[in-house]
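Each chain, letter by letter, is given below.
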Amino acid sequence: MTERTTRTTRGSIPSGGLEGMAVLVTGGGTGIGAACAAQLAADGAAVTISGRTESKLATAADRIGGNLGHGGSIQIIAGDVTKEDDVRRMVAHATEPTGALDGCIANAGGGGGMGPYHLQDVDEFLRVLHLNVLGTMLCVKHTAPRMIEAGGGSFIGMSSIAGHITHPYFGAYCVGKAGIEEMMKNAADEFGSRRVRYNSIRPGFIATELMAGIPRDSETYLSYIRNTPMADVGQPEDVAHLARFLIGPESRWITGTAINVDGGHALRRGPDFGPFLEPAIGKNALTGEPVKR
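Since the structure is predicted, the reported quantities are computational estimates derived from the model, not experimental observations.

### Things to note about the overall build of the protein
(1) Moving on: When helices and strands are tallied, the protein shows nine helices and seven strands.
(2) Moving on: When the backbone C-alpha atoms are referred to their principal axes, the protein occupies close to 65 × 40 × 35 Å.
(3) Moving on: Counting only residues that meet the buried cut, the protein has 51% of its 293 residues in that class.
(4) Moving on: Considering only contacts within the protein whose residues lie at least 6 apart along the sequence, 74% involve residues at least 24 apart.
(5) Moving on: Carbon together with sulfur atoms contributes 54% to the accessible area of the protein, which is approximately 13500 Å² in total.

Encoded structure:
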């Protein structure tokens, strides 16, 4: 099974509608974050992308800048979402183009420390939780007042299908993504009266740089395809189209929900990373069985 490249082209989708809006996209230098930023800027938003590596941000901004539309713009700021002072700077920078903030896509996140729970390293477990949960919380904390000042806004927490269907050996990643979803629901309740909306997106297997390390002829990759009714992998643009809708005014009555972008994967079961990990830690270690000597 190979990845299909045929997909809906931008020419068939109406554009515009975000003119005058300012949006912050964290983790915007690559993958899903960069695709979301490109979609928003093409439809007229003043987009600020952030991330820890300035060179990646600059490369993404150059690429996005070649497809701006409807008065859209792109700017960058380097920073770490787990550091409150950095998040404060990111948010302030995102308001500079228009003097206000209308939306935030908290896309910065990631996994690590794969393995069964009895072998989890505590420091690595906490690092992944901080990156996903604390990073998203700090974005909520510092964007909410700005969006309230603007008369309302839209915040997207980037979750994953791993946040609601089991992904054995993913450690803190599953816990962190589930935490993001619960945070979005609570924030939607807290700030709904101020017309600030909070939703989660649950990408499935998306063809990004992070997923490129899974060999396409491996059992792990094939387990994704077998468990996806549409029998393919998604593209970053598939997530970006939903993010653009949730940021825009068309979704004004949608808040506190989580939406799958996974080709139907959540209808079945998570991927099997056992074959991926077994050579490194051994079959018995996957299930906690004593090692036979």
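So, next bit.
### With respect to unusual backbone geometry
(1) Moving on: Notably, H70 is not glycine yet its phi reads approximately 55°, a positive angle.
(2) Moving on: The class of H70 is partly exposed, set by a relative accessible area of 40%.
(3) Moving on: You will see that A231, though not glycine, has its phi angle at about 55°, which is positive.
(4) Moving on: Position of A231 among the secondary structure elements: in the loop between α6 (219–226) and α7 (236–247).
(5) Moving on: On the accessibility criterion, A231 (22% relative accessible area) is partly exposed.

### What about the packing of helix α3 (residues 84–95) against helix α4 (residues 122–149)?
(1) Moving on: Close contact between α3 and α4 brings their axes to 9 Å; oriented N to C, the two are set at 35°. Crossing geometry of α3 relative to α4 is assigned as right-handed. For the pair α3 and α4, the contacting residues are E84, V87, R88, V91, A92 and T95 in the first and L138, C139, K141, H142, T143 and R146 in the second.
(2) Moving on: Looking at side-chain class alone, the contact of α3 with α4 contains five nonpolar, three polar and four charged residues.

### Details of the nonpolar core
(1) Moving on: Of all hydrophobic cores here, the largest spans 28 residues; its most connected members are V25, L40, V47, I105 and I201.
(2) Moving on: The set of elements that each furnish at least two residues to this core consists of β1 (22–26), α1 (31–42), β2 (46–51), α2 (54–65), β5 (153–158) and α7.
(3) Moving on: Ignoring any residue separated from it by four or fewer positions in sequence, one finds L40 in contact with L18, V23, V25, A45, V47, I105, R244 and I247.
(4) Moving on: Counting 26 residues, the second-largest nonpolar core is a separate cluster that includes I77, A106, M183 and M184.

### Quick notes on the side chain of S50
(1) Moving on: Within the secondary structure layout, S50 lies in strand β2.
(2) Moving on: With near-sequence residues (within four places) excluded, S50 lies in contact with L24, V25, T26, G27, G28, G29, L57, I77 and M90.

### Describing the sheet that holds strand β4 (residues 103–106)
(1) Moving on: Pairing is parallel across the open sheet formed by seven strands, whose spatial order is β3-β2-β1-β4-β5-β6-β7. Two strands bound the open sheet, and with one partner strand each, they are β3 (73–78) and β7 (258–261). The mean inter-strand angle of the sheet, taken between neighbouring strand axes irrespective of direction, is 20°.
(2) Moving on: Note that β1 and β2 share five bridges and pair parallel. Within the sheet, the bridge partner assigned to L24 lies in β2 and is T48.
(3) Moving on: Together, β1, β2 and β3 form the strand contacts of α3, whose direction differs from that of β3 by roughly 160°.

Parameters at a glance
Residues numbered from 1 in each chain as written. Predicted model: local features only at pLDDT ≥ 70, side-chain atom pairs only at ≥ 80, totals over all residues. Heavy atoms only, no water. Helix = DSSP H or I, 4+ residues; strand = E, 2+ residues; numbered from the N terminus. Buried < 20%, exposed > 50% of the residue type's maximum accessible area, 1.4 Å probe, protein only. Contact = heavy atoms within 4.5 Å. Areas by Shrake-Rupley, 256 points an atom, 1.4 Å probe, with all protein chains shown as cover. Axes fitted to C-alpha atoms, helices over the stretch in contact; angles between N-to-C directions. Left-handed = near helix turned anticlockwise from the far one by under 90°. Nonpolar A, V, L, I, M, F, W, Y, C, P; charged D, E, K, R; others polar. Core = buried A, V, L, I, M, F, W, Y, C linked by side-chain atoms within 4.5 Å. Pairing = 2+ DSSP bridges.

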